[in-house]
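Each chain, letter by letter, is given below.
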Amino acid sequence: MNDTKIFTYARTAMKNLFHKPATTSYPFEPAQFPERMRGHIEIDTAECISCGLCMRSCPTGAIRVDRAAGTWTINRFDCVQCGSCANLCPKKCLHMTPGYTQPAPQKSEETFELPKKAQPAGASQKPAMDPEKCVYCTLCAKKCPQGAIEVDRAEKTWKLDASKCVGCTLCASSCPKKAIEMK
Amino acid sequence: MAKRSIVPFGPQHPVLPEPVHLDLVLEDETVVGAIPSIGFIHRGLEKLVEKRDFKQYVYIAERVCGICSCGHGMGYCESVEHVMGIEVPKRAKYLRTIWMEMSRVHSHLLWLGLLADAMGFESLFMESWKLREKILDMFDATTGGRVIFSVNCVGGVLKDMDSAMLAAIARTVDDMEADMTPLFQTFLKDYTVQSRLKGLGVLPRDQAILQGAVGPMLRASGEEYDVRMLGYAAYSDLDVAPVTATAGDSYARCEVRLKEILQSFRLIREAIGKIPGGDISVPVKGNPNGEYFMRIEQPRGEAIYYVKANGTKNLDRFRLRTPTTSNIPPMVELLKGCQLADVPLIILTIDPCISCTER
């Protein structure tokens, strides 16, 4: 066994005594957040087309989109800041912003009213299929968040329910043959 | 013969970071047997794979454990990528490797702090965790999360690091290496640490293999085994050699983890030097169909990922065998014959992660 040595840690201890603290004096000194920090979700309501992809992709079910009522609701206490909704949003109206949300004595939801303007930009555009290019692979129907497209491979039919379509363009971007155009 | 008694140990115990429960069979102060029972924090995360989209499940796989989060996400993604035959871009593989090695530094520093705390060496505990903060800050700056990164996705990674960010990581690693010298000196040379750890909980090499120990626990017993040598992610391009010690006691386990931190620093620098340009992910089309079984080296040891897909967006099965599951049998062996007062420290030297184990 080694000889007993005393005060081997004394230098570090002394340094710590006369050194600036390693921690900051929060809340007197505001916290500094890096640019990429996934603090909380923010929505740009003007751009939202209520497609509901965020609601479906949320692993904890913290988001609720009510298309009829025109609201977008988030339970910030259920949100785990994974960024899944912001990654998938076709209109990129969801952003992960640095900074934490306020604590509260009980869990509550935050509801955003989506502006009831005539139609959000792009929503007036509906997909149109080019029968010469389409191979009826059904990918557009699978990707559609509203289930507005119906494709029958055997019958070679492609139907769009315009009342359900929100103009998210996901069908056009997922089409392997580029047969769908937004018009 | 001394009178036998059974002492329940855990799930709540001041020294335990996680809720493991043991029934210790004692003869006076000597432990003659230990019966582990787990299941206090079972959350059924594996079952959720049947309810969530296979791409969405990455976020759940990452939340199996706070410390090995990056590895679990990566292990799951790589398994699904193998099933689907996706070739991930080289840059994404390097980025995964860099984050993985940073996680190893973070995990080992956390463990060193807990070990110092278990010995009652509070200033050493604070020094370890103070250093760990630098790595956490780098995670925050590069991924957006301090502990759970959510950077892995099926097909690559979600976030790129530009050259300024990589240079900042290299600088932090250099600073940390300099700051760690007193920490190394204290852990490896200090009389107090040595008197507490040397000769405590000796696991001979043959026993370590027989009982199925993994990770630093196995390497501290002299077995050269490190799953990183299989060459997943970008490890095939990097110079990885297992860090080993021969004594097999608690001190050797501490030594292996300390030296692995230095190895991780070297690997991070090497990966930053070699990282190629290009895309960070490839588009994923269709659903997986088939099964795959892969192993990765988590900071705590070898973890096994098994994925079985059926051609739909939900997987049939996802199985995760965590390092702590394998390290519990050797831990029970170690406890036999030790003193009751040494039990917390011996449990801690396996670096238990019960959240991972119970999922």
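Counting starts from 1 at the beginning of each chain's written sequence and moves along it residue by residue. Labels follow written order: the first chain is A, the first ligand is 1, and so on. For this predicted model, a pLDDT threshold of at least 70 governs which residues receive local features, and a threshold of 80 or more governs which side-chain atom pairs are given and counted, while totals over whole chains, interfaces and linings are taken from all residues. In computing side-chain properties, one takes all heavy atoms of the structure into account and sets aside hydrogens as well as water.

### Remarks on the overall build of chain A
Across its full length, chain A carries 5 helices and 9 strands. The helix and strand labels rest on DSSP assignments: H or I over at least four residues marks a helix, E over at least two residues marks a strand, and numbering proceeds from the N terminus. The helix and strand sequence of chain A, counted from the amino end, reads α-β-α-β-β-α-β-β-β-α-β-β-α-β. Counting only C-alpha atoms, chain A reaches 90 × 45 × 25 Å along its principal axes. A burial count over chain A gives 36% of its 183 residues as buried. The contact criterion used is simple: two residues touch if any of their non-hydrogen atoms lie within 4.5 Å. Expressed as a percentage of contacts within chain A between residues at least 6 apart in sequence, the contacts between residues at least 24 apart total 70%. Only protein chains enter the accessibility calculation, which uses a 1.4 Å probe. A residue is then buried if its area is under 20% of the maximum for its type, exposed if over 50%, and partly exposed in between.

### Looking at the nonpolar core
Ranked by internal contacts, the top residues of the largest apolar core, which has 121 residues, are B:Tyr76, B:Ile98, B:Phe187 and B:Leu335. Ranked by residues supplied to this core, first place goes to helix H3 (residues 90-119) of chain B with 16 residues. Other than its neighbours up to four places away in sequence, B:Phe187 contacts B:Leu112, B:Leu115, B:Ala116, B:Met119, B:Leu124, B:Ser128, B:Val193, B:Tyr251, B:Cys254 and B:Leu258. We define a nonpolar core as any set of buried Ala, Val, Leu, Ile, Met, Phe, Trp, Tyr and Cys residues linked to one another through side-chain atoms lying within 4.5 Å. Membership of the second largest hydrophobic core comes to 15 residues, among which are A:Cys85, A:Ala86, A:Leu94 and A:Met96.

### Comments concerning a negative patch on the surface
Residues with no salt bridge and a relative accessible area higher than 30% make up the patches, which join like charges within 9 Å and nonpolar side chains (Val, Leu, Ile, Met, Phe, Trp, Tyr) within 5 Å. Per-residue and other accessible areas were derived by the Shrake-Rupley procedure at a 1.4 Å probe size, with only the shown protein chains allowed to occlude residues. Any carboxyl oxygen of Asp or Glu within 4 Å of a side-chain nitrogen of Lys or Arg constitutes a salt bridge here. Under this rule, positive means Lys or Arg and negative means Asp or Glu; His and the chain ends count for nothing. To locate a charge, the coordinates of NZ of Lys, CZ of Arg, CG of Asp or CD of Glu are taken. Together, A:Glu150, A:Asp152, A:Glu155 and A:Asp161 line one region of the surface with negative charge. Tracing the chain through its elements places A:Glu150 in strand S7 (residues 149-152).

### Focus: the packing of aromatic side chains
Whether two aromatic rings pair depends on their centres lying within 6.5 Å, for rings of Phe, Tyr and Trp, where Trp uses its six-membered ring; planes under 30 degrees apart make the pair stacked, over 60 edge-to-face, and the rest tilted. Following the criterion strictly, the structure yields 9 aromatic pairs over all chains and no others. Taken together, a centroid distance of 5.8 Å and an interplanar angle of 55° make the contact between A:Trp72 and A:Phe112 tilted. Note that A:Trp72 is positioned in strand S3 (residues 71-74) and A:Phe112 in strand S5 (residues 110-113), a separation of 40 residues in sequence. For A:Trp72, a relative accessible area of 1% puts it in the buried group. Ring pairs connect the aromatic residues B:Tyr57, B:Tyr76, B:Tyr305 and B:Phe318, which therefore count as one cluster. By definition here, charges over rings are those cases where NZ of Lys or CZ of Arg is within 6 Å of the ring centre and within 35 degrees of the ring normal. Taking NZ or CZ as reference, B:Arg132 lies 5.1 Å from the ring centre of B:Trp129, over its face. Across the ring face of B:Trp111, the terminal group of B:Arg257 is positioned such that the distance to the ring centre comes to 4.2 Å.

### Here's the deal with the packing of H3(B) against helix H4 (residues 122-143) of chain B
For any two helices packed against each other, the geometry is given by the interaxial angle and the distance between the axes. Residues and elements named next belong to chain B. Each axis is a line fitted through C-alpha atoms, taken for helices only over the stretch in contact, and angles between the N-to-C directions span 0 to 180 degrees. Direction vectors running N to C along H3 and H4 enclose 160°, while the axes themselves pass 8 Å from each other. Judged by the inter-axis angle, H3 sits roughly antiparallel to H4. As H3 runs across H4, the sense of the crossing is left-handed. Here the contact of H3 with H4 is built from residues that sort into 16 nonpolar, 6 polar and 3 charged. Our angle categories are set so that under 35 degrees counts as roughly parallel, over 145 as roughly antiparallel, 65 to 115 as roughly perpendicular, and the remainder as oblique. Helix crossings fall into two classes, left-handed where the near helix is turned counterclockwise from the far one by less than a right angle and right-handed where it is turned clockwise. Residue type decides the class: Asp, Glu, Lys and Arg count as charged, Ala, Val, Leu, Ile, Met, Phe, Trp, Tyr, Cys and Pro as nonpolar, and the leftover types, Gly among them, as polar.

### Some details on the side chain of B:Glu62
All names here are of chain B. Structurally, Glu62 is set in helix H1 (residues 57-62). Buried charge without a partner: Glu62 forms no salt bridge, and the closest opposite charge is Arg63, 4.0 Å away. Engagement of the side chain of Glu62 in a polar contact is seen with the side chain of Ser150, the distance being 3.1 Å. In this structure Glu62 touches Ser69, Gly73, Ile148, Ser150, Val151 and Asn152, once residues within four positions along its chain are discounted. Nitrogen and oxygen atoms within 3.5 Å of one another constitute a polar contact, given that in protein one can donate a hydrogen and the other can accept it, and given that sequence-neighbouring residues count only through two side-chain atoms.

### Points about a nonpolar patch on the surface
Together, A:Met14, A:Leu17 and A:Phe18 make up an exposed nonpolar region whose accessible area comes to about 390 Å². Note that A:Leu17 resides in helix H1 (residues 10-18).

### Topic: the state of the cysteines
Residues and elements named next belong to chain A. Disulfides are defined in this document as cysteine sulfur pairs within 2.5 Å. Within this structure, the stated rule accounts for 0 disulfides over all chains. Cys82 supplies the cysteine sulfur nearest to Cys58, a cysteine that is in no disulfide, at a spacing of 6.2 Å. As a non-bridged cysteine, Cys93 has Cys89 as the owner of its nearest cysteine sulfur, 3.7 Å distant.

### A few points about the domain arrangement of chain A
In many reports, interface size means the accessible area that the parts give up when they come together. Residues and elements named next belong to chain A. Where each domain begins and ends follows an automated or database-derived domain assignment. Considered domain by domain, chain A is made up of domain 1 (40-113) and domain 2 (127-182). Look at where the C-alpha atoms of domain 1 and domain 2 centre, and you get two points 27 Å apart. Two parts placed together each lose some accessible area under a 1.4 Å probe, and the buried area is that loss summed for both. When domain 1 packs against domain 2, close to 660 Å² is buried across both sides, 53% of that on carbon and sulfur atoms. Among the residues of domain 1 in contact with domain 2, Ile49, Cys51 and Arg67 are the three that bury the most area, contributing 52% of the side total. Taken together, the connections running from domain 1 to domain 2 amount to 0 salt bridges. Applying the counting criterion to the domain 1 and domain 2 interface returns 0 residue pairs in polar contact (both at pLDDT 80 or more). A per-class count over the side of domain 1 that touches domain 2 returns 4 nonpolar, 2 polar and 3 charged.

### What about the pairing of strand S6 (residues 289-298) of chain B?
Residues and elements named next belong to chain B. At least two DSSP bridges between two strands are needed for those strands to be called paired. Pairing of S6 with strand S7 (residues 301-310) involves 10 bridges; the strand directions are antiparallel. Of the residues in S7, the one forming a bridge with Arg295 is Ile304. Count of turn residues in the S6/S7 antiparallel hairpin: 2 residues.

### Side note on the confidence of the model for chain B
Taken over all residues, the pLDDT of chain B has a mean of 88, while the share at 70 or more is 100%. The element-level mean pLDDT for chain B is lowest in helix H12 (residues 354-358) of chain B, coming to 82, with helix H9 (residues 250-274) of chain B highest at 92. Every residue is assigned a pLDDT by the predictor, reflecting its confidence on a scale from 0 to 100.

### Things to note about the sheet that holds strand S2 (residues 21-27) of chain B
Residues and elements named next belong to chain B. Across the sheet, which stays open at both edges, the 3 strands sit in the order S1-S2-S3 with antiparallel pairing between neighbours. A strand with exactly one partner marks an edge of an open sheet, and here the two such strands are strand S1 (4-9) and strand S3 (30-37). Strand-to-strand twist across the sheet, computed as the mean angle between neighbouring axes with direction ignored, equals 20°. Bridge analysis of S1 against S2 gives 6 bridges, and the strand direction is antiparallel. Within S2, the residue paired with Pro8 across the bridge is Asp23. Against the sheet, helix H10 (residues 323-335) makes contact with S2 and S3, and its axis sits at roughly 160° relative to S3, the strand it touches most.

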